[in-house]
Amino acid sequence: MASPRSFGQPGPPPPPPPPARLLLLLLLPLLLPLVPGAWGWARGAPRPPPSSPPLSIMGLMPLTKEVAKGSIGRGVLPAVELAIEQIRNESLLRPYFLDLRLYDTECDNAKGLKAFYDAIKYGPNHLMVFGGVCPSVTSIIAESLQGWNLVQLSFAATTPVLADKKKYPYFFRTVPSDNAVNPAILKLLKHYQWKRVGTLTQDVQRFSEVRNDLTGVLYGEDIEISDTESFSNDPCTSVKKLKGNDVRIILGQFDQHMAAKVFCCAYEENMYGSKYQWIIPGWYEPSWWEQVHTEANSSRCLRKNLLAAMEGYIGVDFEPLSSKQIKTISGKTPQQYEREYNNKRSGVGPSKFHGYAYDGIWVIAKTLQRAMETLHASSRHQRIQDFNYTDHTLGRIILNAMNETNFFGVTGQVVFRNGERMGTIKFTQFQDSREVKVGEYNAVADTLEIINDTIRFQGSEPPKDKTIILEQLRKISLPLYSILSALTILGMIMASAFLFFNIKNRNQKLIKMSSPYMNNLIILGGMLSYASIFLFGLDGSFVSEKTFETLCTVRTWILTVGYTTAFGAMFAKTWRVHAIFKNVKMKKKIIKDQKLLVIVGGMLLIDLCILICWQAVDPLRRTVESYSMEPDPAGRDISIRPLLEHCENTHMTIWLGIVYAYKGLLMLFGCFLAWETRNVSIPALNDSKYIGMSVYNVGIMCIIGAAVSFLTRDQPNVQFCIVALVIIFCSTITLCLVFVPKLITLRTNPDAATQNRRFQFTQNQKKEDSKTSTSVTSVNQASTSRLEGLQSENHRLRMKITELDKDLEEVTMQLQDTPEKTTYIKQNHYQELNDILSLGNFTESTDGGKAILKNHLDQNPQLQWSTTEPSRTCKDPVEDINSPEHIQRRLSLQLPILHHAYLPSIGGVDASCASPCVSPTASPRHRHVPPSFRVMVSGL
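Residues numbered from 1 in each chain as written. Predicted model: local features only at pLDDT ≥ 70, side-chain atom pairs only at ≥ 80, totals over all residues. Heavy atoms only, no water.

As recorded in an unreviewed UniProt entry, the chain goes by Gamma-aminobutyric acid type B receptor subunit 2 and comes from Phyllostomus discolor. Of the chain, the UniProt comment under Subcellular location (unreviewed entry) reads exactly: "Postsynaptic cell membrane". The chain has a UniProt comment under Sequence similarities (unreviewed entry) that states "Belongs to the G-protein coupled receptor 3 family. GABA-B receptor subfamily." (UniProt positions renumbered as here; feature names shortened; annotations may be inferred.)

Set out below in structure tokens:
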């Protein structure tokens, strides 16, 4: 059995024992190991007199040196002796004296429980139980107290498990529990306005219970526990997660050995300094970091790194002694008591619980005093020393008296709330390798006192409880907007100049052939595209959210309509050229500007249908996209979260795909027309080269611009700059390619652009052709391609006529040898000759000239020139040829031939009369030549 010690009231030595008791005294040394609580008063104190009945108190605590917590029991004994002596001196329990009997539990469950039952069985009737250091032993005994009607008061059991009053209704403690620091932590968080914290807990029941209670305390106090992490051996992963969740205020619950590992991990993750605040338990041993730095070094953490990470942490623990200079219930201040305690312990190691043990003895004395007063006031006339373990009534009286405890002790105000001590919590801070007290929390008054100029933070102010995120709307730079707006205005001025040039010279043949109305539409489309740039640059810094949402729709409509108007007009007039020059039937075809306007209107109608459906089904909305945080350029402890406005809808990709597909088909149609009309030889009509260049530039720039704009959507300045430059470049290039060549040509050689590059005729030819062909004044009224073909065919037929005339002349000269042949020709072939010569009317019958010649040759494949008249064969051939009659006949045949074959090519004068070379006395046959044989005689 455990050997008990007792502390009681000293008195004179007891009288010599009678002979009957002498034998018992001789056997006492043999019985001491079997009977606990049979001896032991205060050291050096005489035994109380027999007339003073004792009030026995059961003391349960570890006392042996072999147990680690045995130092706690040995360290509080001097404080217990001081309290008992002072209570005796004040005669607080007269006529009784306080008899504390100590039992060594050795911090073992079995031994502690055996000591408790031995004390009950073999010892006196104990009124109360004092002690309870080891949580496991204390919890086992405290759970059975109600069955023995015993009230227990502990001075060192801080485990939160014992706070359960349903399970431990007879358990009290003068030391605050581990959970008592949580209201103090809450007060500290509120003091510095920290509303977002994280917890890091070692996987031990004691720390887990504190963490769970802290969660309940913070719940409903507008303080967020953003992350809860726990670990067993390696805390680095948990520390890393806390950093990933942007936890700045860390509430730690771990022992001192794990604390070194935690701070080493914090150093590796850079979770220390001005941005972080660690709050950890403050009950570690003094200079604990010196004891565990070797273990920290084993994890590749140097001592200086450990100290750097620890700098500024705040420790929270109960206050061992009150710092107030106020006299306690014993009549001494806490500082006076501390001096007496240090003098009395004489070589025994101090214990941080000695003040709570001292106040605990006073609590027991005051409780018994109130219980005696209650019994005296009752009509039962029961004495307190009559208590036994089955006396439920007296047990309840003592329990109620314990709940009424309220006095100022050396550890502060001693008061219980549901059996828990409402004590004082101190705050210490690690500064320059030492712990400094910086404040304390009074649980009774619920007040926090921060000692002035003691708490120090790494920065100029307390750390923020989270990264302060400053949401900043990314805006388009005003200088950039101004520069691009100036370029846009210049582009619009240029477009206005082209519009003025087009209107002023609309009656010029060059401008008229290039369709001035379509040119005006091209300029209008370019100006609309320019105008959209102003709208693309207006964001939240210039307009409200509602206005921005409206601009999303307006700028899309303007750019789409402008694009279609410009390129639709360009492709429409190119289609007209293609329709005329590809007319294989050579029929006269007139396409007026009204029809081209209808074509452009149809293209715009398709655009409007797409845009209206877009707006009705899935309109564009203002959306705000947030991007990853950026550090503050000014170096403040804040982060910038960029926000960017977008114009988007649910099915943005589908609608853009429809618009792009339609515009792409329009561009392909323009490329087809440009390719088909590439061989048109009139510069005023052939814009295929410029259309191809425009389509190429616009296509390439749009593809590049769209890709770069998508990649830089998080940079509004870059995106706006690219979009604006693409629009400016495309619009300017298109307008310049359409109008600059016309302007240059009109200033240098306006007629060359309206002429055929393949055939250049003289002024006389043009005069003659003007009588036989349709004048080309406008592509709307004549077919230039048809004229070219007719002129080429006309030239070929003239060459054929010349060859036939030469053959005819040779045959005619041969026939002049005999009068008979001449007569035969005159009589039989005059009509055939007229048919041949009538080819001179070819230019007046454009479609029938070739047919007449062909029919004539088909009907007379072989002229019978060999037929002769017999009456003329005897004439002299020389005489016949040189006769005036023969010469006149030859001239009458040759002059028409010269007229039709040669004179037009050298520019002869057109005579309306008959040939002047024909004699008035010529044969009547010659006078009957049709009037169509008009002879050009000048230059002959």
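Now, onward.
What follows covers the pattern of salt bridges. In the structure shown here, the tally under the stated rule is 25 salt bridges. When the shortest N-O distance is used, the salt bridge between D317 and K352 registers 2.8 Å. Separated by 35 residues along the polypeptide, D317 in strand 11 (residues 314-318) and K352 in the loop between helix 12 (334-345) and helix 13 (354-377) bring together distant segments of the chain. Two residues, R474 and E630, come together in a salt bridge whose shortest N-O distance is 2.7 Å. Here the residue R474 occupies a position in the loop between strand 18 (468-473) and helix 15 (478-504), and E630 occupies one in strand 20 (residues 630-631), the gap between them amounting to 156 residues. Given the relative accessible area of 21%, R474 is considered partly exposed. Here E630 falls in the partly exposed class, since its relative accessible area comes to 33%. (Salt bridge = Lys/Arg side-chain N within 4 Å of Asp/Glu carboxyl O. Helix = DSSP H or I, 4+ residues; strand = E, 2+ residues; numbered from the N terminus. Buried < 20%, exposed > 50% of the residue type's maximum accessible area, 1.4 Å probe, protein only.)

Looking along a regular strand, one sees the side chains alternate between the two faces of the sheet. Of the pairings in the sheet, the one linking strand 12 (residues 406-409) to strand 13 (residues 412-417) comprises 4 bridges and is antiparallel in character. Note on strand 13: the bridge partner recorded for G409 is G412. Connecting strand 12 to the antiparallel partner strand 13 that follows it, the hairpin turn spans 2 residues. (Pairing = 2+ DSSP bridges.)

A few words on the side chain of S731. Along the chain, S731 turns up in helix 22 (residues 716-748). The exposure class of S731 is buried, given its relative accessible area of 9%. Not counting the four nearest positions on each side in its chain, S731 is found in contact with G526, S529 and Y530. (Contact = heavy atoms within 4.5 Å.)

Once that is clear, we can look at the nonpolar core. Among the nonpolar cores identified, the biggest contains 104 residues, and F130, F155 and L368 are the most heavily contacted of them. For this core, the leading source of residues is helix 13, giving 12 residues. Counting only domains with at least three residues in this core, you end up with domain 1 (54-177 + 328-421) and domain 2 (180-323 + 428-467). Residue contacts for L368: discarding those within four places in its chain leaves L55, I57, L93, L98, L127, M128 and I384. Core analysis: the second largest hydrophobic core is formed by 51 residues, I476, A566, L611 and L620 among them. (Core = buried A, V, L, I, M, F, W, Y, C linked by side-chain atoms within 4.5 Å. Domains from an automatic or database assignment.)

Packing of helix 19 (residues 593-617) against helix 20 (residues 652-676) brings their axes to within 11 Å, and their N-to-C directions diverge by 180 degrees. Judged on the interaxial angle alone, helix 20 and helix 19 are roughly antiparallel. Note on element contacts: helix 20 touches helix 19 through M652, W655, L656, I658, V659, Y662, K663 and L666, opposite M603, I606, D607, I610, C613, W614 and V617. Class assignment of the residues belonging to the contact of helix 19 with helix 20 gives a composition of 13 nonpolar, no polar and 2 charged. (Axes fitted to C-alpha atoms, helices over the stretch in contact; angles between N-to-C directions. Parallel < 35°, antiparallel > 145°, perpendicular 65-115°, else oblique. Nonpolar A, V, L, I, M, F, W, Y, C, P; charged D, E, K, R; others polar.)

An α-helix turns once every 3.6 residues. As a result, residues three or four positions apart point the same way. Those residues of helix 11 (residues 303-310) lying buried are N305, L306, L307, A309 and M310. G312 sits one or two residues past helix 11 and shows a positive phi near 95 degrees.

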